[in-house]
Amino acid sequence: MTKMCKLRALTMLMFVFSFCSVFADDADDNIYLRMIDDAEIAIKKQNFEKAEQLLTDAISFQPDNPNNALLMSNLGMVRFYMNNDSSAIITLNQAHKMAPSSVTILLNRARVLSATGDIKSAVEDYNRVTELDSTVVMPYLFRGLLYLSNGDLQGAYAQFVNITKYSPSSYDEALAFANYYMCQQKYAEAKPYYNTLLKTEKTAENYAAHALCCIFTDDLDFASDDISAGLEQNPMYGELYLCRALLYKRRYLNDDAKKDASKAKELGVDASVVDSMLGE
C-alpha cells in the first residue's frame, strides 16, 4: 500500500445541520421561528458566534419545545466549528439524551468524536446509526476508510459496497472508491472517481490526486492542467509540487523535477515518499 494514499474522509466527513419546520400559531412561536431562521442564515455565513447566541436564545425561549433536540445538535456543531471541542461534545451528549434515536444527532456526534481522536466512540455511534437506518451511508464510508487506514482492503470493500447499494453514483461512493483504488496504486480505476469529486470539490488535494492518476496513466496534459488549477487553489500544497516533479521527470526536465521535489519536501511532504516516487 503506497504512502501516497490519502484517507481524507476521517477528518472531512460532512456535518448534518437540521432545521425544523415550526408552525407559528402565536407570537411566541413566531419569535422562536425567527431565531431559528436567523441562526440558519448565520451558519451559512459562517458567523458562528451569532449562530451560537441565536440557538442558545431559542432553546431558552421555549425550553420544552420538542424541536430543541435538533437545535442542540446544531449548537454542538457550531461550537465545534468555533474550535470548542469539549463544549461541542457536551452539547451533543445533551442533544442525544433528548432524542436518543435521532440519526442526525448521532452522525454529528460521531463526526466530532472522530475529529477529536475518539475513534472507538465514533464507531459506536456510527454502528448505532446503521442499526436505526441501514440506508444511511456515512457509517459505511467512515468504517471503510478506517479499514483502509489499517491496511484492510477486504474490510474496506465490504463497507463500500453498501454505499453503492444505497447511494450509487454519489459523492460518497466516489470518495470511498477513489481512496480504495488509490491505496492500491490502481490509478486508472481511481481516476474517474477523483474526476467525480472534482465536480463537487475543486480543492488542491483533489487536483493533486487526480493529477497523480493522470501522470501514471500517461495523460500528461490533463495532469498539467490539474496541477495549475490546484496551485491556484492553494500554492502551498506540497503534494502538487511532488506531482509536478513527477510530471517534469516524465518530460525529461530533470532539473525542474529536482527543484519541485525540494519544494515539496520544504512544504512538508515526507522526504522518503518524494524520493521513492521519483526513484531516488
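The rules behind these values
All residue numbers here refer to positions counted from 1 along the written sequence of the relevant chain. Side-chain atom pairs in this predicted model are given and counted only at pLDDT of 80 or more, local residue features only at pLDDT of at least 70, and totals for whole chains, interfaces and linings cover all residues. The basis for every side-chain value is the complete set of non-hydrogen atoms in the structure, without hydrogens or water. A helix here means a DSSP run of H or I that spans at least four residues, while a strand means a run of E at least two residues long, and both kinds are numbered starting from the N terminus. Here's how the labels work: a residue is buried when its accessible area is under 20% of the maximum for its type, exposed when over 50%, partly exposed in between, all with a 1.4 Å probe on protein chains only. Whether two residues touch is decided by their heavy atoms; if any such pair falls within 4.5 Å, the residues are in contact. The charge count includes Lys and Arg as positive and Asp and Glu as negative, but it does not include His or the ends of the chains. The atom standing in for a charge is NZ when the residue is Lys, CZ when it is Arg, CG when it is Asp and CD when it is Glu. Residues belong to a common nonpolar core when they are buried Ala, Val, Leu, Ile, Met, Phe, Trp, Tyr or Cys residues joined through side-chain atoms within 4.5 Å. Orientation is described by axes fitted as lines to C-alpha atoms, over the contacting stretch for helices, and by angles from 0 to 180 degrees between their N-to-C directions. Geometric relationships in this document are graded by angle, where less than 35 degrees denotes roughly parallel, more than 145 denotes roughly antiparallel, 65 to 115 denotes roughly perpendicular, and other angles denote oblique. Crossing handedness: left-handed means the near helix sits turned counterclockwise from the far one by under a right angle, and right-handed means the same turn made clockwise. In the scheme used here, Gly and all other residues not listed as nonpolar or charged are polar, with Ala, Val, Leu, Ile, Met, Phe, Trp, Tyr, Cys and Pro taken as nonpolar and Asp, Glu, Lys and Arg as charged. Pairing of aromatic rings covers Phe, Tyr and Trp, the last counted by its six-membered ring, and requires centre-to-centre distances within 6.5 Å; plane angles under 30 degrees mean stacked, over 60 mean edge-to-face, and any other angle means tilted. A ring is scored as having a charge over it whenever the NZ atom of a lysine or the CZ atom of an arginine sits within 6 Å of its centre and within 35 degrees of its normal. We count a salt bridge whenever a side-chain nitrogen from Lys or Arg sits within 4 Å of a carboxyl oxygen from Asp or Glu.

A. Region of the structure containing the overall build of the protein. Per the secondary structure count, the protein includes 16 helices and 0 strands. Projected onto its principal axes, the C-alpha coordinates of the protein cover approximately 75 × 35 × 30 Å. For the protein, buried positions account for 49% of its 280 residues. Within the protein, residue pairs in contact and separated by at least 24 positions form 52% of the contacts whose partners lie at least 6 positions apart. Looking at the protein, you have 27 positive and 37 negative side-chain charges, and the mean spots of the two groups are 5 Å apart.

B. Highlighting the side chain of D260. By the secondary structure assignment, D260 is in helix α15 (residues 254–266). In this structure D260 comes out as buried when scored by relative accessible area, which is 6%.

C. Up close: the nonpolar core. With 60 residues, the main nonpolar core has L141, F160, Y194 and L242 as its most contacted residues. Leaving out residues up to four positions away in the same chain, Y194 has contacts with A178, N179, M182, N206, A209, H210 and C213. In this structure, I36, A39, V78 and A99 belong to the second largest nonpolar core, which totals 20 residues.

D. Main features of the packing of helix α8 (residues 138–149) against helix α9 (residues 153–166). It is at 8 Å that the axes of α8 and α9 come closest, and there the two elements cross at 160 degrees. With respect to their mutual orientation, α8 and α9 come out roughly antiparallel. The handedness of the crossing between α8 and α9 is left-handed. Together, P139, Y140, L141, R143, G144, L145, Y147 and L148 of α8 and L153, G155, A156, Q159, F160, N162, I163 and Y166 of α9 make up the contact between the two elements. The residue inventory of the contact of α8 with α9, partitioned by class, reads 11 nonpolar, 4 polar and 1 charged.

E. Region of interest: the packing of aromatic side chains. The tally for this structure, following the rule as stated, stands at 13 aromatic pairs. Centre to centre, the rings of F160 and Y180 are 6.3 Å apart; their planes meet at 90 degrees, and the pair counts as edge-to-face. Residue F160 is found in helix α9, and its partner Y180 is found in helix α10 (residues 171–182); the two are separated by 20 residues along the sequence. With a relative accessible area of 0%, F160 lands in the buried category. In this structure an aromatic cluster arises from ring pairing among Y157, F160, F177, Y180, Y181 and Y193. Directly above the aromatic system of Y241 lies the positively charged group of K263, at a separation of 5.9 Å from the ring centroid.

F. Spatial organisation of the pattern of salt bridges. What the rule picks out here adds up to 10 salt bridges. Among the ionic pairs, R109 bridges to D125, the shortest N-O distance being 2.7 Å. Here D125 lies in helix α7 (residues 119–132) and R109 lies in helix α6 (residues 103–115), a separation of 16 residues in the sequence. The residues R109 and D125 share a single accessibility class, namely buried. Here D218 and R250 are joined by a salt bridge, their closest N and O atoms 2.9 Å apart. Of the two residues, D218 is situated in the loop between α12 (204–216) and α13 (220–233) and R250 in helix α14 (residues 238–250); the sequence distance between them amounts to 32 residues.

G. Representation of unusual backbone geometry within the structure. In this structure, Q46 takes a positive phi of about 60 degrees despite not being glycine. Q46 gets classed as exposed once you look at its relative accessible area, which sits at 59%. Of note, N83 is a non-glycine position whose phi angle comes to about 65 degrees, a positive value. Within the secondary structure, N83 sits in the loop between α4 (68–81) and α5 (85–98). Residue classification places N83 among the exposed positions, given a relative accessible area of 68%.

Honestly, it's all geometry; don't read function into it.
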